[in-house]
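Results of the structural survey
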Amino acid sequence: MQKGLWGNEEVKDLFSFVEKAKASNVSLKFAFIEHAKKYSRQPNSVRNYYYHEVDNLWKDEKRKKDLGISLDKHKKSSIRYFSQEQEAELMDRIEKLVADGCSVRKACFTLANGEVGEMLRYQNKYRNYVAKKKASSQNNIIKFTSKRKESLSESDLNSLFLGLVRLVKRSAVEEVNERFKEEKESANALLRKAIVDLGKKDKEIKDLKESFAALKKENAILLQTVTKNACDKADKLSQKLKAKKNILSNKETL
C-alpha cells in the first residue's frame, strides 16, 4: 500500500484499535500510537485522520455500511470548558490530595470517581495550571534595573551564567520527568491490556480442557460399545459353528 493513502482494511483496523482501547479504559492516544507503529505513520497523523473519518462517516451512510463500522462506539465527545470558579476549586482539591501524599494521577482519578476520561481531563487541566504558574514565576526570576551599565563585571557575568545553567538543568529534569510519566502510563496501559488478554487465554484453555475431557469420555463409551458389539458377534458366530458341527455329527451317526 502506498504510504499516505488509507485503504479500507487499514481504516477498519484503526477503528478496531480505538474500540479495543475504549473497552479496556485506555486513552485513545495509545490506540493511535499502536496503529502508527503497525502502518509506519505518525501518531498525530493517525489521530487527525480518525476524527476526520468519523465526521465523514456520519454523512456517508453507504461508506459506513461498506466498512461495517458502528458509529455508536465512535461518538466524538464535546469539549467542556472549566469556569474560573470550577478551575480554582479543582486545583485546590487536587493540591490538597497531593499534600496528603497522593500522586497527581491518583488525585485526579479519585476526583473523577474512577472514570478514566474524566481523570485525563482533570490531569491535563492541572498540568496546564502548573505550567502557567512556573512560567509566571520564571518571568520574575531575573529583573534588570532601569539604570544602564556600560559593561558587566566578572561577578555579574558569573551570576548570570550560573542562573542560566540552573534554568537549563531544571528544564532538562522536568522534560525527563514528563517523558518518564508518559512512558509509565503507556507501560501501565499495555500491562492492563496484557492482563485482560491473559484472562481470555486462561478461559479458552479451560474451555478446551473441558471439551477434551468430554471428548475423551465419549470416546471411551464408544470404544466400550464397539468392543461389546464385537464380543456379541463372536458369541453368535461360535454358536452357529457349534450348531453346524452338531448337525454334521448327527448325520455321520445315522
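What comes next concerns the included structure. The structure displayed is predicted, hence computed values, not measured ones.

What about the overall build of the protein chain?
Counting its regular elements, the protein chain contains eight helices and zero strands. Going residue by residue from the N terminus, the α and β elements of the protein chain occur as α-α-α-α-α-α-α-α. Each of the 254 residues in the protein chain was classed as buried or not, and the buried ones make up 17%. A total of about 20,300 Å² of accessible surface is found on the protein chain, and carbon and sulfur atoms cover 55% of it.

Section: unusual backbone geometry
Although it is not a glycine, Ser40 adopts a positive phi angle of roughly 55 degrees. Turning to its location among the elements, Ser40 is positioned in the loop between α2 (28–39) and α3 (43–59). We note that Asn113 has phi near 55 degrees; this positive angle belongs to a residue other than glycine. Mapped onto the elements, Asn113 comes out in the loop between α6 (104–111) and α7 (116–138).

Side note on the side chain of Gln123
Checked against the element boundaries, Gln123 lands in helix α7. Take Gln123: its relative accessible area is 3%, and that puts it in the buried class. Only 3.2 Å separates the side chain of Gln123 from the side chain of Glu185, close enough to count as a polar contact. Apart from residues lying up to four places away in sequence, Gln123 is in contact with Arg105, Cys108 and Glu185.

Describing the layout of surface pockets
In this structure, the second largest pocket encloses a volume near 480 Å³. The wall of the second largest pocket is formed by 17 residues, among which Val104, Arg127, Asn177, Glu178 and Lys181 lie closest to the centre. When residues of the lining of the second largest pocket are traced back to their parent elements, those giving at least two are α6, α7 and α8 (154–253). By residue number, the principal contributor to the lining of the second largest pocket is α8, which donates eight residues. Partitioned by chemical class, the residues of the lining of the second largest pocket number four nonpolar, four polar and nine charged.

Some words on α3
If you check α3, its first and last C-alpha atoms are 25 Å apart, about what 17 residues at 1.5 Å a residue would give, namely 24 Å. Buried residues along α3 sit in contact with α1 (8–23), α2 and α4 (61–67).

What to know about the nonpolar core
Residues Val11, Leu14, Phe15, Val18, Phe32, Tyr50 and Ile69 are the most contacted members of the largest nonpolar core, which totals 21 residues. Counting only elements with at least two residues in this core, the list comes to α1, α2 and α3. Val18 has contacts with Leu28, Ala31, Phe32, Tyr50 and His74, leaving out every residue within four places of it along the chain. Counting 11 residues, the second-largest nonpolar core is a separate cluster that includes Leu90, Ala107, Tyr122 and Tyr126.

Observations concerning the packing of α2 against α3
At a closest axis distance of 8 Å, the pairing of α2 and α3 adopts a crossing angle of 115 degrees. Of the possible angle classes, the one that applies to α2 and α3 is roughly perpendicular. Here the hand of the crossing between α2 and α3 comes out right-handed. Taking contact as the criterion, the partners of Leu28, Phe32, Ile33, His35 and Ala36 in α2 are, on α3, Pro43, Val46, Arg47, Tyr50 and Tyr51.

Calculation notes
Residues numbered from 1 in each chain as written. Predicted model: local features only at pLDDT ≥ 70, side-chain atom pairs only at ≥ 80, totals over all residues. Heavy atoms only, no water. Helix = DSSP H or I, 4+ residues; strand = E, 2+ residues; numbered from the N terminus. Buried < 20%, exposed > 50% of the residue type's maximum accessible area, 1.4 Å probe, protein only. Areas by Shrake-Rupley, 256 points an atom, 1.4 Å probe, with all protein chains shown as cover. Polar contact = N/O pair within 3.5 Å; in protein donor to acceptor, adjacent residues only side chain to side chain. Contact = heavy atoms within 4.5 Å. 1 Å grid on protein atoms, 1.4 Å probe; cavity = no way out; pocket = protein on both sides within 12 Å on 5 of 7 lines; lining within 4 Å. Points joined across faces, edges and corners; volume = space filled by probe spheres on them. Nonpolar A, V, L, I, M, F, W, Y, C, P; charged D, E, K, R; others polar. Expected span 1.5 Å × (residues − 1). Core = buried A, V, L, I, M, F, W, Y, C linked by side-chain atoms within 4.5 Å. Axes fitted to C-alpha atoms, helices over the stretch in contact; angles between N-to-C directions. Parallel < 35°, antiparallel > 145°, perpendicular 65-115°, else oblique. Left-handed = near helix turned anticlockwise from the far one by under 90°.

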